[in-house]
Amino acid sequence: MGPNSPVGHGSALPIVEHVSKYILKMIYKAQTENIKSFTPSSKAIQEFTAHADVFLERTAWSSKCRSWFKNGKIDGPVTALHPGSRLHWFHMIANPRY
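This write-up is about the structure you can find in this document. (Residues numbered from 1 in each chain as written. Predicted model: local features only at pLDDT ≥ 70, side-chain atom pairs only at ≥ 80, totals over all residues. Heavy atoms only, no water.)

### So, the pattern of salt bridges
Close approach of charged atoms allows side chains of opposite charge to pair.
Moving on, step 1. In total, this model carries four salt bridges according to the counting rule given.
Moving on, step 2. The closest approach of N and O atoms between K43 and E47, which form a salt bridge, is 3.8 Å. With K43 and E47 both in helix α2 (residues 42-57) and four residues apart, this pair spans about one turn of that helix.
Moving on, step 3. Assessed through its relative accessible area of 56%, K43 is described here as exposed.
Moving on, step 4. The exposure class assigned to E47 is partly exposed, which follows from its relative accessible area of 48%.
Moving on, step 5. For D75, the salt bridge is made with K64, and the minimal N-O distance between the two is 2.7 Å. Highlighted residues: D75 in the loop between α2 and α3 (86-92) and K64 in the loop between α2 and α3, separated in sequence by 11 residues. (Salt bridge = Lys/Arg side-chain N within 4 Å of Asp/Glu carboxyl O. Helix = DSSP H or I, 4+ residues; strand = E, 2+ residues; numbered from the N terminus. Buried < 20%, exposed > 50% of the residue type's maximum accessible area, 1.4 Å probe, protein only.)

### Regarding the nonpolar core
Moving on, step 1. Core analysis: the largest hydrophobic core is formed by six residues, namely A52, L56, F69, V78, A80 and L81.
Moving on, step 2. When residues no more than four places from it in sequence are discounted, the contact partners of L81 are N4, S5, V7, G8, H9, L56, W61 and F69.
Moving on, step 3. In this structure, I15, V19, W89 and F90 belong to the second largest nonpolar core, which totals five residues. (Core = buried A, V, L, I, M, F, W, Y, C linked by side-chain atoms within 4.5 Å. Contact = heavy atoms within 4.5 Å.)

### With respect to the layout of surface pockets
A water-sized probe rolled over the atoms picks out the places where empty space is left.
Moving on, step 1. Estimated volume of the largest pocket: approximately 1,000 Å³.
Moving on, step 2. Along its surface, the largest pocket is lined by 28 residues, and Y22, P40, F48, M92 and R97 are the ones closest to its centre.
Moving on, step 3. Those elements giving two or more residues to the lining of the largest pocket turn out to be α1 (13-32), α2 and α3.
Moving on, step 4. Residue contributions to the lining of the largest pocket peak at six residues, all from α2. (1 Å grid on protein atoms, 1.4 Å probe; cavity = no way out; pocket = protein on both sides within 12 Å on 5 of 7 lines; lining within 4 Å. Points joined across faces, edges and corners; volume = space filled by probe spheres on them.)

### Details of the side chain of H82
Moving on, step 1. Within the element layout of this structure, H82 appears in the loop between α2 and α3.
Moving on, step 2. A distance of 2.8 Å separates the side chain of H82 from the side chain of H88, its partner in a polar contact.
Moving on, step 3. In this view, H82 contacts N4, S5, P6, H9, F48, L56, H88, W89 and M92; residues no more than four positions away in its chain are not counted. (Polar contact = N/O pair within 3.5 Å; in protein donor to acceptor, adjacent residues only side chain to side chain.)

### Considerations on a nonpolar patch on the surface
Moving on, step 1. Together, I23, L24 and I27 line one region of the surface with nonpolar side chains, adding up to about 270 Å² of accessible area.
Moving on, step 2. Mapped onto the secondary structure, L24 falls in helix α1.
Moving on, step 3. Among the residues examined, L24 registers a relative accessible area of 53% and is labelled exposed. (Patch = residues over 30% accessible without salt bridge, like charges linked within 9 Å, V, L, I, M, F, W, Y side chains within 5 Å. Areas by Shrake-Rupley, 256 points an atom, 1.4 Å probe, with all protein chains shown as cover.)

See the structure below:
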């Protein structure tokens, strides 16, 4: 499911289902339009990372405790969770934005 998925917000099964549907849509596009690869833009990655860092800093996940959400560190950025609600994440990956 990768980093920044809503794994701390409930069951993993709906996450797997939504990710599978998203990937199948990308595979379909690649097959029907002869696309060999997909790469997110550097700007999109930078904007998402900046948003995640600010958002997650204000959550309980960033408190001073050792956590796998923070790569096993007491301090540092939360890298394993989605910066928003579970429902936001489901909406965000409903359709790829090419």
